[in-house]
Amino acid sequence: MHIGLTGWQSEAAEGDHRELLTIFQRADELGFDSLWLAEYHFKRIGLTYPSPILLAAAVFARTERMRVGTGITLVPLHHPLILAEQLAQLDVQSNGRLDVGIGRPNDPAVLAALGIDPATKHERFVAGYELLRAAWTDGRVASAAGPWRFDATGVGPAPAQQPHPPIYVAGMSAESIGFAVERRLPVLLSLERPEGLQLERWRDLPKSPEQAADLWRFSLNRYVFIGRTTAEAHARLDRALMPILRRRRWAPVDVNDPEAVRAARATLIRDQAIVGSPDECVAEIARLVREVGTGHLRCVFNALGGLDRATTLAQMELFAAEVLPACRAIGPTVPVTAA
C-alpha cells in the first residue's frame with residue numbers, strides 16, 4: 001500500500017516557507033511515500049504557491065526518498081516543449097522521484113486571462129500529453145497540427161526515469177476517464193467531489209482485463225483525523241468541520257442549520273474521511289482497499305487548512321508510528337511504472 005500526502009495548497013500552505021519545508025522533510029523521515037502539490041493561478045491573496053514545479057524543486061532539495069507529484073499540472077496552460085524540459089529537469093534533480101499528474105483547468109477566469117478558448121482545452125490537454133510523452137521518449141519532437149505547431153526540436157534533458165516519469169490523470173468527465181482508460185494511465189481520484197462519479201464512469205467504459213486491473217494504481221484521496229482515542233480523533237474532525245463545509249462548492253451546506261451540519265458531518269465521515277484511533281484507521285484503510293480496489297492513498301492531515309500545523313504534524317507522527325507499518329501489509333505496493 002502506497003501512502004502519500006496532499007492538501008498543501010491555498011490557505012493550508014500559508015505561513016513561513018521554511019517551516020513548511022520542515023514539515024515535508026519530516027514526512028520524508030517518517031516514511032510517507034509521496035507528496036502531491038497542486039497548480040492554481042491568478043489570486044493575489046490565499047495562493048502562496050501557484051507553481052507545483054517550483055515548490056517541488058525545494059522539497060526535493062530537502063528530502064531523500066519521498067516522491068513528489070504534481071497534483072495536477074494544468075497541461076493546456078503550458079507550451080509542451082517548455083513543460084517537457086521543466087519536468088525532465090525536475091526528475092533529474094530528484095534522482096527519479098517525480099510523478100506527473102495531468103489535468104485541465106476548471107476556472108474559466110484562468111483560461112480567459114491567458115486568451116485560451118475554453119472550447120479548446122480538451123484538445124490542448126490531449127495534444128499536450130502526446131507531445132510531452134514524445135519529447136521525453138524520442139528526445140526530438142515536431143508538431144504540424146493542433147494548438148501548438150513547430151518544426152522538429154530537440155528537448156532535453158532526458159528524464160531520469162525511463163522512458164519518462166509515471167503519469168496520472170485527474171478529471172471527472174467521461175471524456176477524461178476514457179482518456180485515462182485508453183492509455184492505461186492511473187486516475188487521481190477526487191476528494192472534494194467524492195470519487196464515486198469517477199469510478200462509475202470508469203466502470204461504464206469497455207475495458208480489457210489489463211485495463212480493468214489498472215484500478216489498483218488509481219490514487220484515492222481522504223481527509224485523515226487520527227487520535228490516540230476515538231474521541232480525540234472526532235474532536236479534531238469537529239475543529240476542522242466548519243472550514244471544510246464553508247469551502248465546499250460541489251455540495252453546499254447551510255452552516256447555520258445544525259441539522260444540515262450534522263448530516264454533512266455524517267456524509268463526510270462516510271465518503272471522504274478516515275476518522276478514529278490507529279486501529280480504526282487501519283481497519284478503514286483495509287475496507288477502502290477491499291471495496292474501492294485502490295492500492296494508493298493520498299492523505300489530507302491538515303483539513304486543507306482547517307487544522308493548524310502543530311496538530312497536522314502530530315497527526316502525521318501518530319499515523320506514521322501506528323498506522324503506516326500496518327498499511328504495508330495491505331496488498332502489494334503500487335508499482336511505479338511509466339505508461
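Structure's up top.
Residues numbered from 1 in each chain as written. Predicted model: local features only at pLDDT ≥ 70, side-chain atom pairs only at ≥ 80, totals over all residues. Heavy atoms only, no water.

### Quick notes on the side chain of arginine 104
Alright, step 1. Looking at where arginine 104 falls in the secondary structure, it is placed in the loop between β4 (98–103) and α4 (108–113).
Alright, step 2. For arginine 104, the side chain forms a polar contact with the side chain of histidine 122, separated by 2.9 Å. (Helix = DSSP H or I, 4+ residues; strand = E, 2+ residues; numbered from the N terminus. Polar contact = N/O pair within 3.5 Å; in protein donor to acceptor, adjacent residues only side chain to side chain.)

### As for the pattern of salt bridges
Alright, step 1. Per the stated rule, a full pass over the model turns up 23 salt bridges.
Alright, step 2. Of the charged contacts, one joins glutamate 175 and arginine 104 as a salt bridge, the two residues approaching to 3.1 Å between their closest N and O atoms. Taken together, the residues span a long stretch of sequence, with glutamate 175 in helix α6 (residues 174–183) and arginine 104 in the loop between β4 and α4 at a distance of 71 residues.
Alright, step 3. On the accessibility criterion, arginine 104 (17% relative accessible area) is buried.
Alright, step 4. Among the ionic pairs, arginine 287 bridges to glutamate 291, the shortest N-O distance being 2.6 Å. Here glutamate 291 and arginine 287 lie together in helix α11 (residues 278–292), a separation of 4 residues that amounts to about one turn.
Alright, step 5. Arginine 287 gets classed as partly exposed once you look at its relative accessible area, which sits at 23%.
Alright, step 6. The class of glutamate 291 is partly exposed, set by a relative accessible area of 48%. (Salt bridge = Lys/Arg side-chain N within 4 Å of Asp/Glu carboxyl O. Buried < 20%, exposed > 50% of the residue type's maximum accessible area, 1.4 Å probe, protein only.)

Shape descriptors only; they carry no functional weight alone.
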